[in-house]
Every structure is written in C-alpha cells, then in structure tokens.
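Given next are the chains, with one letter for each unit.
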Amino acid sequence: MHCDASCPIGIFDSGVGGLTVARAVMDRLPHERIVYFGDTARVPYGVKSPDTVARYAGEITKFLLDKNVKLLVVACNTMAAVALPAITALSPVPVIEVVTAGAKSALAVSKTRRIGIIATPSTIASRAYEKALALFGGPDVRVVAKACPLFVPLVEEGWLDHPATRLVAEEYLRPLLAEDLDTLILGCTHYPLLAPLLQSVAGPGVRLQDSATAMAERAAAVLAELGLAQGDGAPRHVFHVTDLPLRFREIGERFLGRPMEDVRLEKM
Ligand code: DGL
C-alpha cells in the first residue's frame, strides 16, 4: 500500500458522533478528503464489552485501509479507550485517537490540575483518560470521572438545550463540581453538542475541553510531519454507514454542521 498527499484521511466512530471530529478536521484541513465510517447499525458501543468493541474496531480499520487512507483518526472515545491495540496492530498508517488528544489538551489548559472527565460507561470503566492524564501529567493531577449514559440519546434526540437535559446534566455534574475542578473533558463524541448547556451548568470557573479541536490539530501536525498534507482543491467527502436509521441525515448534519452529500450504505 502506498499513500501520497492525495490519499484520504479515514475517520471512524460507532455512529454519527464522530462527525463532530470530522467537522473539526474539515474546518482545520479544508483541502483534505475524508472517508468517514459510522457503524450506525451497531451503535452504541459505549455500553458494550471491550472484546466486542475491539472486534468491530478491527473490521472498520480493515475497511478504511482498503480505501487507501493515509491517516486513521479514531474519533470514538470508546474505541480509543478499549480497542486501540486492535486498531494499531492492523494499521501500517499512523493512528491518532481522541483520548490522548483530549488528555493532553486538558493538561495544557488546566491551572489547578483538578480535571474532570465525562464519557460513556465503557470509556469510564477502562480508566483510559485517567491513565493518559497520569502518563502525560504526572502523579499530582487530581482526576474525577463520571459516566453519563443518558447524554448520547438526549443529543440524538436533538434536546441540546432542553429542561430535561439540563436536569440530567445537573445530576451528573454535581459530584464532579463538588471537587472544585477547573477543567472538564468532554470524553464522548456527542458531548460537544451539549457544550453551551454544560458550560452553563458547570459555571464560568470550569473550562470545557473537547477532543475534536485537539484531534484536528494533531491530524494537521502528523500530516505535516510526514509530508502528506494536501494543500489545495475542494475535496468530496464520503460517509459510509452500516444502517440508515430514521432521521439519520438530520442528526448527522447537525453533528457535521454541513450537508452530507455522499452517504453510502455498507454491509459488514
Ligand atoms: N462515539 C461514542 C464515544 O465517543 C459514543 C456513542 C456510543 O456509545 O457508541 O464514546
């Protein structure tokens, strides 16, 4: 397999959530062609066992490598947290993932080194963020984590500023806010859409850190290092999904912030 600058970037997620990362990559690298894979038939991954998530992640990795991608972007926190070895073992191209990106950017902005993490139950159970924060930040970083399983369906329902979502957010964030955090990592692809509501619940003293922007920066840096950045042209992106559920396009375009022109259904 040979990649040059004209090859696409592969971005993948358990469903539509990774489109928040795709959006940040498109904004940061407007000339790069993106092949997106969303496993909409098998989402959510956030409550599945690590073995199952790793098996699915391996299948998606092979699919994207067949599309001759030059870089693999694991946009799903759950896959990054529990299936990274399965992905990197298969990939001859660089793999970047949201957990490392999110942990590093939280450490870069936190002044008090008291950092909170909200994510799916599988991501929290894996302790992947805690490990990354300890690895890159050292032993004095104080970390508090909370699984927030209700956020994904609320976001998919479009209840981004709904009283029910606010109530749920207040409940989930209460124990975290009691720890006097200055930074809160949004450790799930869906959560950036809740950022305004979460910010108003958390208050001005807590800085929200989502991995999408950090991932886009990392993708730009890796491509520049490898001499594989695409400098011009208006790319045509392709979105592969394993199911076309009701309201797919409406929800997907909400995440992506732009129309999804080329959507293809894949049987895995
Ligand atoms: N994409 C997943 C994540 O970032 C959230 C949705 C799911 O549970 O599959 O963890």
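Scroll up for the structure.
The structure displayed is predicted, hence computed values, not measured ones.

Student: Can you walk me through the nonpolar core in this structure?
Tutor: The nonpolar side chains of a soluble globular protein tend to be buried with one another. Counting 96 residues, the largest nonpolar core has Ile118, Phe151 and Leu198 as its most contacted members. In terms of residue count, helix α11 (residues 211-226) provides more of this core than any other element does, 8 residues in total.

Student: Honestly, the site of the ligand in this entry has me stumped. Any pointers?
Tutor: Taken together, 13 residues lie near the ligand, and Asp13, Ser14, Tyr45, Gly46 and Thr78 sit nearest. A distance of 2.6 Å is found between an oxygen atom of the ligand and a side-chain nitrogen or oxygen belonging to Thr78. Expressed as a share of its isolated accessible area of 290 Å², the protein-covered part of the ligand is 99%. For the shell around the ligand, the per-class residue count stands at 5 nonpolar, 7 polar and 1 charged.

Student: Whenever I open this one, the packing of aromatic side chains confuses me. Can you help?
Tutor: Each aromatic ring pair is summarised here by two numbers: the centre-to-centre distance and the angle between the ring planes. If you walk through the whole model with that rule in mind, you get 5 aromatic pairs. Look at Phe151 and Tyr191: their rings are 5.3 Å apart centre to centre, the planes differ by 85°, and that puts the pair in the edge-to-face class. Taken together, the residues span a long stretch of sequence, with Phe151 in helix α8 (residues 151-156) and Tyr191 in the loop between β7 (183-187) and α10 (195-202) at a distance of 40 residues. Residue Phe151 is classed as buried on the basis of its relative accessible area, which comes to 0%. Residue Tyr191 is classed as buried on the basis of its relative accessible area of 0%. Joined through ring pairs, the aromatic side chains of Phe151, Tyr172 and Tyr191 make up one cluster. A cation over a ring is seen here: Arg42 above Tyr56, with NZ or CZ 3.7 Å from the ring centre. The ring of Phe136 has Lys104 sitting right over it, with the charged end atom 4.6 Å from the ring centre.

Student: Sorry if this is basic, but what is going on with unusual backbone geometry here?
Tutor: Across the chain, the bulk of peptide bonds are trans and the bulk of non-glycine residues have phi less than zero. Along the chain, Val43 connects to Pro44 via a cis peptide bond; the corresponding omega equals 5°. Positive phi outside glycine occurs at Asp180, with the angle close to 60°. The residue Asp180 is located in the loop between α9 (163-177) and β7 in this model.

The rules we used
- Every residue gets a number counted from 1 within its own chain, in the order that chain's sequence is written.
- In view of the model being predicted, local features appear only for residues whose pLDDT reaches at least 70, and side-chain atom pairs are presented and counted only at 80 or more, with totals across whole chains, interfaces and linings using the full set of residues.
- The basis for every side-chain value is the complete set of heavy atoms in the structure, and neither hydrogens nor water enter the calculation.
- Residues belong to one nonpolar core when they are buried, are Ala, Val, Leu, Ile, Met, Phe, Trp, Tyr or Cys, and are joined through side-chain atoms within 4.5 Å.
- A 1.4 Å probe rolled over the protein chains alone gives each residue an accessible area, and that area as a share of the maximum for its type sets the label: buried under 20%, exposed over 50%, partly exposed in between.
- Secondary structure elements are taken from DSSP: a helix is a run of H or I of four residues or more, a strand is a run of E of two residues or more, and numbering for both begins at the N terminus.
- Any residue with a heavy atom lying within 4 Å of a molecule or strand is counted as near it.
- Any pair of N or O atoms that falls within 3.5 Å is considered a polar contact. Within protein, one atom must be able to donate a hydrogen and the other to accept it, and sequence-neighbouring residues count only if both atoms are side-chain atoms.
- Surface accessibility in these figures is a Shrake-Rupley result with a 1.4 Å probe; residues are shielded only by whichever protein chains are displayed.
- Charged means Asp, Glu, Lys or Arg here, nonpolar means Ala, Val, Leu, Ile, Met, Phe, Trp, Tyr, Cys or Pro, and polar covers whatever is left, Gly included.
- Planes of paired rings set the category: under 30 degrees apart is stacked, over 60 is edge-to-face and the rest tilted, where pairs are Phe, Tyr or Trp rings (Trp by its six-membered ring) whose centres lie within 6.5 Å.
- Two thresholds decide whether a charge sits over a ring: the Lys NZ or Arg CZ must be within 6 Å of the ring centre and within 35 degrees of the ring normal.

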